[in-house]
Amino acid sequence: MKKTIFITGASTGLGKAVAKLFQSQNWNVIATMRTPEKETELTLLDNITLLPLDVTNPEQIQTTVQKALELYDVDVVFNNAGYGLVGALEGYTDEQIQRQINTNFLGVIRVTQAFIPHFRAKKAGLFITTTSIGGLVSMPFDSIYHATKWALEGWTESMAFELGLHNIQIKTVAPGGIITDFGGRSIEIAEHPEYAGAIDKLMGLFNTDNFSTAEQIAEVVYEAATDNKEQLRYVAGADAQAMYARRLEIGHDAMHQEFKQAIFG
């Protein structure tokens, strides 16, 4: 029987790559995005349904989830919508902080909460959330972004217990750098003159040659969705795996000092 995946943030990057991969593997795909009327690529593919969804809109979440469940018996929910907020904390506005938390963290919680009754009734289902290596290792000038991603990792570990009572699984995929427009439209930079030089130095440390393609990370999402393993976390991409291994090898304090030395001298 053909399975169905529900994807948030499917208009670009990883979300779109996941939609295309699962479609190629004969899944039904419900691809959601804020403005589906602007999508031109996914509309050409069979077995892909586009629905509108802004994960910061609780009412729309309920409406879109209800519509999705009227169309298909959803098996997997991929919580992928999110973006990065970069800058010094004193440079952030309260609106920027709230929007980051609302999108990256509360959006995932709301979408998950909306699907739990469906999965509980069928005594099966899987939630997968895009977190980040930034949910396991922290760098300067990403404090609120890291807060949302660390929160998702801890939330997932806790949720695994209660969902497990109903044979529902939950997992995270934690990528490193992805060669998508995440570095463009999906990053918001808050300027502050007192930190400009240090932020520029941080951004200069990133080597996109070490990044993964969206298609490579999508393969990890597909693995998480189909391997039937009771595995909570999938660290995805060579750069993320190397960074996480380094963290485990030398510990938090030593890695903190390495970042400090590299950026601040």
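Presented here is an overview of the structure given in this document. (Residues numbered from 1 in each chain as written. Predicted model: local features only at pLDDT ≥ 70, side-chain atom pairs only at ≥ 80, totals over all residues. Heavy atoms only, no water.)

## Overview of the environment of Val55
Next up, step 1: With respect to the secondary-structure elements, Val55 resides in the loop between strand S3 (48-52) and helix H2 (58-71).
Next up, step 2: Overall, Val55 belongs to the buried group, its relative accessible area being 7%.
Next up, step 3: Separated by 192 residues in the primary sequence, Val55 and Arg247 have C-alpha atoms spaced 32 Å apart.
Next up, step 4: Residue contacts for Val55: discarding those within four places in its chain leaves Thr8, Ile61, Ala81, Asn102, Thr103, Gly107, Arg110 and Val111. (Helix = DSSP H or I, 4+ residues; strand = E, 2+ residues; numbered from the N terminus. Buried < 20%, exposed > 50% of the residue type's maximum accessible area, 1.4 Å probe, protein only. Contact = heavy atoms within 4.5 Å.)

## Overview of the packing of aromatic side chains
Next up, step 1: For the structure shown, the criterion picks out six aromatic pairs.
Next up, step 2: Consider the rings of Phe141 and Tyr195, whose centres lie 6.0 Å apart with planes at 70°: the pair is edge-to-face. In this pair, Phe141 sits in the loop between strand S6 (126-130) and helix H4 (143-164) while Tyr195 sits in the loop between strand S9 (187-189) and helix H5 (196-204), placing the two residues 54 residues apart along the sequence.
Next up, step 3: Overall, the relative accessible area of 12% leaves Phe141 in the buried class.
Next up, step 4: Here the aromatic residues Phe6, Phe115, Phe119 and Phe127 are joined through ring pairs into a cluster of three or more. (Phe/Tyr/Trp six-rings, centres within 6.5 Å; stacked < 30°, edge-to-face > 60°.)

## Re the sheet that holds strand S7 (residues 169-175)
Strand pairing in a sheet relies on backbone hydrogen bonds, with the paired strands running either antiparallel or parallel.
Next up, step 1: Read across the sheet, seven strands follow the order S3-S2-S1-S4-S6-S7-S11 without closing on themselves; strand pairing throughout is parallel. Among the strands making up the open sheet, the edge pair consists of S3 and strand S11 (233-236). Going across the sheet, the axis of each strand differs from the next one's by a mean of 20°, ignoring polarity.
Next up, step 2: Taken strand by strand, helix H1 (residues 13-24) contacts strand S1 (4-7), strand S2 (28-33), S3, strand S4 (76-79) and S6, and its axis lies near 170° from that of S1.
Next up, step 3: In this fold helix H3 (residues 94-122) packs onto S1, S4 and S6, with an angle of close to 175° to the strand it touches most, S4. (Pairing = 2+ DSSP bridges. Axes fitted to C-alpha atoms, helices over the stretch in contact; angles between N-to-C directions.)

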